[in-house]
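Descriptive analysis of the structure
Below, each chain spelled out in residue letters.
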Amino acid sequence: MRITYVTITYNAAAVLQRTLDSVLQQDYPDIVHLIIDGASTDGTLQLVDDYILRSNATENGHRVQIISEPDHGIYDAMNKGLRSLDGDYVCFLNAGDFLPAPDTVSRIVEKMANTPAVLYGDTDIVDSEGRFLRHRRLSPPEHLTWKSFRQGMLVCHQAFYARTDFAIAAPYDLRYRYSADVDWCIRIMKAAAKENVPLQNLHMVVANYTEEGQTTLHHRESLLERFRIMTRHYGWLTTLAMHLWFVFR
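Here is a short report on the structure shown in this document. (Residues numbered from 1 in each chain as written. Predicted model: local features only at pLDDT ≥ 70, side-chain atom pairs only at ≥ 80, totals over all residues. Heavy atoms only, no water.)

**Details of the overall build of the chain**
Here is the rule: Think of it this way: any DSSP run of H or I at least four residues long counts as a helix, any run of E at least two long counts as a strand, and we number them from the N terminus. C-alpha atoms define the radius of gyration, and 2.2 Å times the number of residues to the power 0.38 defines the globule rule. Burial classes follow relative accessibility: with a 1.4 Å probe on protein chains only, a residue under 20% of its type's maximum area counts as buried, one over 50% as exposed, and anything between as partly exposed. Throughout, a residue-residue contact means that at least one pair of heavy atoms, one from each residue, lies within 4.5 Å. To be clear on the numbers: accessible area is Shrake-Rupley with a 1.4 Å probe, and residue cover counts the displayed protein chains and nothing else.
From N to C terminus, the chain includes nine helices and eight strands. In terms of overall dimensions, the chain is globule-like: its C-alpha atoms have a radius of gyration of 17 Å, near the 18 Å expected for 249 residues. With the C-alpha coordinates aligned to their principal axes, the bounding extent of the chain is approximately 55 × 40 × 35 Å. Counting across all 249 residues of the chain, residues that qualify as buried make up 51%. Counting only contacts in the chain whose residues sit at least 6 apart along the sequence, the fraction spanning at least 24 positions is 80%. For the chain, the exposed surface amounts to about 11,800 Å²; the carbon and sulfur share of it is 53%.

**A few points about the side chain of D173**
Which entries qualify depends on this criterion: Contacts described as polar in this section are N or O atom pairs within 3.5 Å, which, within protein, must combine one atom able to donate a hydrogen with one able to accept it, while residues neighboring in sequence count only if both atoms come from side chains.
Residue placement: D173 occurs in the loop between α5 (164–168) and α6 (180–194). Side chain to side chain, D173 and R175 meet in a polar contact 2.6 Å long. In contact with D173, not counting residues within four places along its chain, are A180, D183, R187 and R232.

**Concerning the layout of surface pockets**
Let me state the cut-off plainly: Cavity: a set of points on a 1 Å grid over the protein atoms alone where a 1.4 Å probe fits but cannot get out. Pocket: an open set with protein on both sides within 12 Å along at least five of seven lines, its lining residues, like those of a cavity, having an atom within 4 Å of a point. Grid points are joined across faces, edges and corners, and a volume is the space filled by probe spheres set on the points. When residue character is reported, Ala, Val, Leu, Ile, Met, Phe, Trp, Tyr, Cys and Pro are called nonpolar, Asp, Glu, Lys and Arg charged, and the others, Gly included, polar.
Estimates place the volume of the second largest pocket at around 150 Å³. As for the second largest pocket, its lining consists of 13 residues, and the residues nearest its centre are L144, T145, V197, P198 and L199. Of all the elements, α6 adds the most residues to the lining of the second largest pocket, at three residues. Tallied by class, residues from the lining of the second largest pocket come to nine nonpolar, three polar and one charged.

**Observations regarding the environment of I52**
By the secondary structure assignment, I52 is in helix α2 (residues 44–56). Owing to a relative accessible area of 21%, I52 belongs among the partly exposed residues under this scheme. The contact partners of I52, leaving out residues within four places of it in the chain, are V64 and I66.

**Focus: the pattern of salt bridges**
Inclusion rule: In the sections that follow, a salt bridge refers to a side-chain nitrogen of Lys or Arg positioned within 4 Å of a carboxyl oxygen of Asp or Glu.
In the structure shown here, the tally under the stated rule is 12 salt bridges. A salt bridge links R232 to D183, with the shortest nitrogen-to-oxygen separation between them at 3.2 Å. Of this pair, R232 sits in helix α8 (residues 219–234) while D183 sits in helix α6, and the two are 49 residues apart along the sequence. Judged by its relative accessible area of 0%, D183 is buried. Taken together, the shared-partner salt bridges connect D173, R175, D183, R187 and R232 into one network.

**Some words on helix α3 (residues 74–83)**
Among the 10 residues that make up α3, eight are buried, leaving the element largely enclosed by the rest of the structure. Of all the residues in α3, the buried ones are Y75, D76, A77, M78, N79, K80, G81 and L82. Summarising the contacts, the buried residues of α3 are in contact with β1 (3–9), β2 (31–37), β4 (89–92), α5 and α6.

**Looking at the side chain of T104**
One can find T104 in helix α4 (residues 104–111). The exposure class of T104 is buried, given its relative accessible area of 2%. Excluding its chain neighbours within four sequence positions, the residues that come into contact with T104 are Q26, L99, M204 and V206.

**Quick look at unusual backbone geometry**
The backbone of N11 shows a phi angle near 50 degrees, a positive value even though the residue is not glycine. Residue position: N11 is located in the loop between β1 and α1 (13–24). The phi torsion at N196 lies on the positive side, around 55 degrees, for a residue other than glycine. Inspection of the secondary structure assignment puts N196 in the loop between α6 and β8 (199–210).

**Description of the nonpolar core**
Here is the rule: To define a nonpolar core, start from buried Ala, Val, Leu, Ile, Met, Phe, Trp, Tyr and Cys residues and group those joined through side-chain atoms within 4.5 Å.
Of all hydrophobic cores here, the largest spans 70 residues; its most connected members are Y5, F149, F160, Y161, W184 and I188. With eight residues, α6 is the largest single contributor of residues to this core.

**Quick word on the packing of α6 against α8**
Heads up, the condition is: For helices, the axis comes from a line fit to the C-alpha atoms of the stretch in contact; other axes are also lines fit to C-alpha atoms, and the angle between any two N-to-C directions lies between 0 and 180 degrees. Just so you know how the angles are binned, under 35 degrees is roughly parallel, over 145 roughly antiparallel, 65 to 115 roughly perpendicular, and the rest oblique. Left-handed is the label given to a crossing in which the near helix is rotated counterclockwise from the far helix by less than a right angle, and right-handed is the label when the rotation is clockwise.
Packing of α6 against α8 leaves a shortest axis separation of 9 Å and a crossing angle of 20 degrees. On the basis of the axis angle, α6 is roughly parallel to α8. Seen along the crossing, α6 lies across α8 with a hand that is right-handed. Between α6, through A180, V182, D183, I186, R187 and K190, and α8, the contact on the second element is made entirely by E225, R226, I229, R232, H233 and Y234. Split into classes, the residues belonging to the contact of α6 with α8 amount to five nonpolar, one polar and six charged.

Laid out in structure tokens, this is it:
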């Protein structure tokens, strides 16, 4: 079972090292790490070059691939990652985010039942230095469906492992600048439901998520986009009712 991690970078030298180290330290051998870089001008590419050398020198080294060229934003870069996929499952691990332990991937693979469309788990929130802050407030439900996201993004993007055939068939919608990941997750889960393919809760923390991401920096714009996305998938009345519930709960 091959797991592909896609990491999007642009001048991310200040936070990237912990992401690279967490993948390199995995004791599971069949990992591909795609790094899609937006032509960084800081030390990002030097970190990646060193990462490739370290990986090649490790007995169970993982295959590392890098594409570095200008792009049209993070979701355009993620689509480049989708077009370059190699493996059975894909997870988007952003620069600054990291896997919580060296056996995270091996434990994920051990827990797998059959070939679900999506594997999902819990997330911990860390600060800009990678220090634990808290568990993510929204917890993944025992049984996740595409309708679950009416209550908010119950599964963090970094804790969402999509089967590659579903992922490739659902490129990110570039109409959205800050919340295309929400739409992407919903569309993959819809496709799984259509084909009656299950989603599996891993019951473990699978990602440490850095709080200061693009969604946090552009909070208002992200919320407006999420409202549009929820309206698209669930309708106006349901979306409005759920947002009123968010306000008064």
